[in-house]
Amino acid sequence: MAAAPGRRRPAVLLWAALCLATALAVDRSNFKTCEQSGFCRRQRGLQPGHSPYRALLESLQLGPDAARLQLVNEATKVPLLLELWGLQGNVTRIRIKELNPLRPRFEVPDVLVAEPPAERLAVTGRDEGSLELSLGPAGHRLLVTEKPFRMDLLQGRELLCSVNARGLLFFEHLRQRRDSFSDKVSSSVGSLWDKIKTLFHRDTPREPTAEEGGATEEQEETTGGTEDAGNQSEKPTEATAEAAEEPGSWEETFKTHTDTKPNGPTSVGLDFSLPGFEHVYGIPEHADSLRLRTTRGGDPYRLYNLDVFQYELYNPMALYGSVPLLLAHSARRTLGIFWLNAAETWVDISSNTAGKTLFGKLLDYMQGGGETPQTDVRWMSESGIVDVFLLLGPTPAAVAGQYAALTGTQALPPLFALGYHQSRWNYNDEEDVAAVERGFEEHAVPCDVLWLDIEHADGKRYFTWDPSKFPRPRDMLERLAAKKRKMVSIVDPHIKVDSGYRVHNELRSRGFYVKTKDGSDYEGWCWPGSAAYPDFTNPEMRAWWASMFAYDQYEGSTENLFTWNDMNEPSVFSGPEVTMHKDAVHHGGWEHRDLHNLYGLYVQMATAEGQIQRSGGQHRPFVLSRAFFAGSQRYGAVWTGDNAAEWEHLKISIPMCLSFGLAGLSFCGADVGGFFKNPEAELLVRWYQAGAFQPFFRAHAHLDTARREPWLFGEENVALIRAAVRQRYALLPFWYTAFYRSHRHGLPVMRPLWMEYPEDTTTFAIDDQYMIDRALLVHPVTEQGARGVQVYLPGKGEVWYDVTSHQKHHAPQTLYVPVTMSSVPVFQRGGTVVPRQERVRRSTECMRGDPFTLYVALSPQGTAEGDLFLDDGQSFDYKTKARYLHRQFTFAGNTLTASSADPQGSFDTPAWLERVVILGAGKPAAVVLRPADGSETRLDFHHEAETSVLTLRKPGVRIGDDWAIILR
């Protein structure tokens, strides 16, 4: 018996190798289509038309903060409860659930940061078939129509959104299984008795069948007698419509995996119609264009966190993370739909203008015909309830703020996390790490973080170190700390099943693993081999997991070691669709199907909390997570997963990160160079140049790829890479300030042009260029052999300055920009001030206290403004002790002034102002510095007449002081 595991090992390794081989190119057959997903097939099978649901308007109950009324499916007589809220800040919440469910249905916890305050509702109109509710002081009204049930949301006379206008509300109520054992026995006995009766009563007139006009037994139960008529809204009853349930309702098989469904069919679906909107965005994660396409004739967009190796581009397949937030934008308004459901979800999008060319639309307009543009969105989830927030804007910034008020803002990252990260699967040992770190020193490429993948642990037992490869991890970390650098190690949520592994033993003894439907610990195959999965939905388990990051628990860890949570969809190599079985059971008895998309969020949440706790609550965490959900922005960074060293993957990283940002996830990036395959030098250089202008900047590579540290591609290419990385570091004050603003207000750091120029229709479909905050426009070079790029400069009456040549360009225009291998087309918006630190050093910590340069780009009116946020870059003191500086810079009337943007904060820093560069300025006769004491000092300056650039040398004032610089 003892030898059996040894005999099985070759088979296991072969199986794992086959899995990896097939994973190197995505096999679509491993992942479901809508047609292969029973609930999606049922939901989509319902065609637009007459809805069976009726609103029982007489049941309206108007409370101090919510309205409640019943809906009834007239086919099944099953009652639902509709709840409505008008929330402060232009948000409407709609919730639909069963009035009397057989058992509770899952409602998503831990995503909303607080219950949003509600406005007082009032009935402002009523007639025989409808009622009108006022939703608060913003003038929003909700018109509820009785039959068929629908809702129309208006502001004044403008229709903003219609709900169930297409009649696609489909709520599968909980029920008893009709083919249960007792039913089968009853049916068999009944059938036998019918045969006996037939023998003795052959001449008895038979009753007509249902097809011939007779009532079935189910129909008789439904219509009932007069004594039951008053209870129709209280007792769920089966109906003829459900007498023959579709295969897959109670059990479903995909490939070799059977999903038992003890609760039966429980899906929910609802449609929303958006008149006046042609452009919709969001619902990450998909490797697709920024603007969502119509799904007619293909699969809906799928939201179901999955481990998909080397994913395909431009299709709606599910990937690693899911945020069920969709934004609609027009030149008049922006609004959002936040569908709070953590089960597998599909989203159908249709439009009455889809497929029409610009000429066709113009022809419609000229002929006075054509219909109002409209986009219809249909949400379909496997379980749970309907819980949806309509974010009514009206501006892009307002929608971002409304979503942030619900789910939280992007966590303010520690400053080092905005630097450059070097990773691969795997750095071999401590000597390899030291050699790579020396390489950055020798080639003068800044780097803040080195990463270790799964091979660093002892047999892939997380929270451990391989004793032969990493025998002295604390010494290794201390050597990095001496160079002001950090390390990130991977800690995945699959735990090796090994009785000699302390982490596994504790989890098992405490009952903290996810369970099978039969109550045993759920196990599957992942990197360590046989693995069990901690139940992160259990608060006690999360607290235990957080405690494991304490320095005395995570042996060898130090304060400069941070964490990467990978494979947390969760990935189960032996599971259906490479993930956990849906009938696995979590804390509270909930099935995995109910909460699948929450799992990754909980992993990142518990890990971040562990890092905070280990510092006594003092230091901000850094945790990178592959899987995510709404609210994940509160806990760290995300990335686009296992991409490939291909030009199209470089190109798709831009719309993918833009979509992440629209869904609140500002701290996003892509593996520089591509995870799979080997990039040629040109692609690698272009990817570094693009990555330097994305929020999370990390190079990463697969185990089987060639080494690709920046200095391995020749001196010419390392010089280009060095220049890109140094440009990133010079702009770190600008990046950090942008993240602070995102943290405070919820705006994405990397954002599509239409967020800044919401009325410019040219920007609506652009996703190869973008804004960083409101000041910089970036168009990375993503085409092989490119000699130039077309850059659209938006803003009527505005100007833009090339950050390299300082040449001024008037907007709006499409500008052809010639490029060389050193070119990264970046433009600063006229009217902005961008702070930089141009003494670039090996890491962010080495640059602390260094002097600043202000780039002042003048508007046509000769004005500009910008700001700078400064703190210690690592602690929560900015929040708990108001230890920060937020400085405001304003140029007007030929005077640049510095003042406090927030007098509540204070922070002592030796940093000073080294230089001011004013773009678009004439030559002054003199330049005078006037500090707060009123004295005046003349400053040296240089004026470049050809480009109208004025450089002021060494003002020498402290960056935290008030002062004015006057051009005379």
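These notes cover the structure that comes with them. None of these values were measured; they are calculated from a predicted model.

Criteria and cut-off values
- Residues numbered from 1 in each chain as written.
- Predicted model: local features only at pLDDT ≥ 70, side-chain atom pairs only at ≥ 80, totals over all residues.
- Heavy atoms only, no water.
- Helix = DSSP H or I, 4+ residues; strand = E, 2+ residues; numbered from the N terminus.
- Buried < 20%, exposed > 50% of the residue type's maximum accessible area, 1.4 Å probe, protein only.
- Contact = heavy atoms within 4.5 Å.
- Areas by Shrake-Rupley, 256 points an atom, 1.4 Å probe, with all protein chains shown as cover.
- Expected span 1.5 Å × (residues − 1).
- Pairing = 2+ DSSP bridges.
- Phe/Tyr/Trp six-rings, centres within 6.5 Å; stacked < 30°, edge-to-face > 60°.
- Lys NZ or Arg CZ within 6 Å of the ring centre and 35° of its normal.
- Axes fitted to C-alpha atoms, helices over the stretch in contact; angles between N-to-C directions.
- Parallel < 35°, antiparallel > 145°, perpendicular 65-115°, else oblique.
- Nonpolar A, V, L, I, M, F, W, Y, C, P; charged D, E, K, R; others polar.
- Disulfide = S-S within 2.5 Å.
- Salt bridge = Lys/Arg side-chain N within 4 Å of Asp/Glu carboxyl O.
- Polar contact = N/O pair within 3.5 Å; in protein donor to acceptor, adjacent residues only side chain to side chain.

1. Structural notes on the overall build of the protein chain
Across its full length, the protein chain holds 18 helices and 51 strands. Burial analysis of the protein chain (968 residues in total) assigns 60% to the buried set. Of the contacts made within the protein chain by residues no fewer than 6 positions apart, 72% connect residues no fewer than 24 positions apart. Put simply, the protein chain shows about 37200 Å² of open surface, and 51% of that area lies on carbon and sulfur atoms.

2. What to know about the environment of Tyr-311
You can see Tyr-311 is positioned in the loop between β15 (301-303) and β16 (325-329). Residue Tyr-311 is classed as buried on the basis of its relative accessible area, which comes to 3%. A C-alpha to C-alpha distance of 9.5 Å links Tyr-311 and His-286, two positions 25 residues apart in sequence. If sequence neighbours within four positions are ignored, Tyr-311 has contacts with Ala-287, Leu-319, Tyr-320, Thr-640, Gly-641, Asp-642, Asn-643, His-649 and Met-656.

3. Notes on helix α6 (residues 396-407)
For α6, with twelve residues, the first-to-last C-alpha span of 17 Å sits near the 16 Å given by 1.5 Å per residue. Residues of α6 that are buried sit in contact with β4 (91-98), β16, β17 (334-339), β20 (386-391), α16 (732-745) and α17 (753-756). Downstream of α6 by one or two residues, Gly-408 has phi in the positive range, about 95°.

4. Quick look at unusual backbone geometry
Lys-147 connects to Pro-148 through a cis peptide bond whose omega is -10°. You can see Pro-148 is positioned in the loop between β7 (140-145) and β8 (150-155). Cis peptide bonds are those with omega within 30 degrees of zero, and the linkage from Glu-569 to Pro-570 qualifies with 5°. Within the chain, Lys-677 stands out as a residue other than glycine whose phi angle is a positive 70°.

5. What to know about the sheet that holds strand β25 (residues 523-526)
Read from one edge of the open sheet, three strands run β24-β26-β25, paired in antiparallel fashion. Unpaired on one side and paired on the other, β24 (495-496) and β25 mark the two borders of the sheet. Inspection of the sheet shows β25 paired to strand β26 (residues 529-532) by four bridges, in the antiparallel sense. Bridged to Trp-525 within β26 is Ser-530.

6. Here's the deal with the packing of aromatic side chains
Summed over the entire model, instances satisfying the criterion amount to 43 aromatic pairs. Through pairs of rings, three or more aromatic residues link up here, namely Phe-416, Trp-451, Phe-562, Trp-564, Phe-622, Trp-639, Phe-667, Phe-696 and Phe-739. Directly above the ring of Trp-564 sits Arg-698, whose terminal nitrogen or CZ lies 4.7 Å from the centroid. The ring of Trp-639 has Arg-698 lying over it, and the distance from NZ or CZ to the ring centre is 5.1 Å.

7. A short note on the packing of helix α13 (residues 647-662) against helix α14 (residues 681-691)
Axis angle and axis distance: for two packed helices, these are the angle between their axes and the distance between the axes, and together they describe the pair. At a minimum axis distance of 10 Å, the contact between α13 and α14 shows a crossing angle of 5°. The orientation of α13 relative to α14 falls into the category roughly parallel. Facing α13, whose interface residues are Trp-647, His-649 and Leu-650, α14 presents Glu-682, Leu-683, Arg-686, Trp-687 and Ala-690. For the contact of α13 with α14, the residue count by class is five nonpolar, one polar and two charged.

8. What about the state of the cysteines?
Applying the stated rule across the entire model yields two disulfides. Disulfide pairing is shown between Cys-34 and Cys-40; the S-S distance is 2.0 Å. Handedness of the Cys-34-Cys-40 disulfide follows from its S-S torsion of about -100°: it is left-handed. Take Cys-34 and Cys-40: they sit in the same class, and that class is buried. Through a disulfide, Cys-657 is tied to Cys-668; the S-S separation comes to 2.2 Å. Negative torsions about the S-S bond denote left-handed disulfides, and the value of about -75° found for Cys-657 with Cys-668 makes this one left-handed.

9. A few points about the pattern of salt bridges
The full count for this structure, using the stated rule, is 74 salt bridges. The salt bridge involving Arg-28 is made with Glu-312; its shortest N-O contact spans 2.6 Å. Of this pair, Arg-28 sits in the loop between α1 (4-23) and α2 (38-45) while Glu-312 sits in the loop between β15 and β16, and the two are 284 residues apart along the sequence. A relative accessible area of 29% places Glu-312 in the partly exposed class. The salt bridge involving Asp-348 is made with Arg-44; its shortest N-O contact spans 2.7 Å. Here Asp-348 is found in strand β18 (residues 345-351), whereas its partner Arg-44 is found in helix α2, with 304 residues between them in sequence. Among the residues examined, Arg-44 registers a relative accessible area of 22% and is labelled partly exposed. Connected via shared salt-bridge partners are Asp-259, Arg-302, Glu-344, Glu-382, Glu-577, Lys-582, Glu-591 and Arg-593.

10. Some details on α13
The end-to-end C-alpha distance of α13 is 24 Å, a good match for the 22 Å that 16 residues give at a rise of 1.5 Å each. Counting buried positions over the 16 residues of α13 gives 15, a clear majority of the element. Phi turns positive, to about 90°, at Gly-664, one or two residues after α13.

11. Remarks on the side chain of Asp-152
Along the polypeptide, Asp-152 turns up in strand β8. There is a polar contact of 2.5 Å between the side chain of Asp-152 and the side chain of Ser-162. Those residues in contact with Asp-152 that lie beyond four places of it in its chain are Arg-141, Leu-142, Leu-143, Leu-159, Cys-161 and Ser-162.

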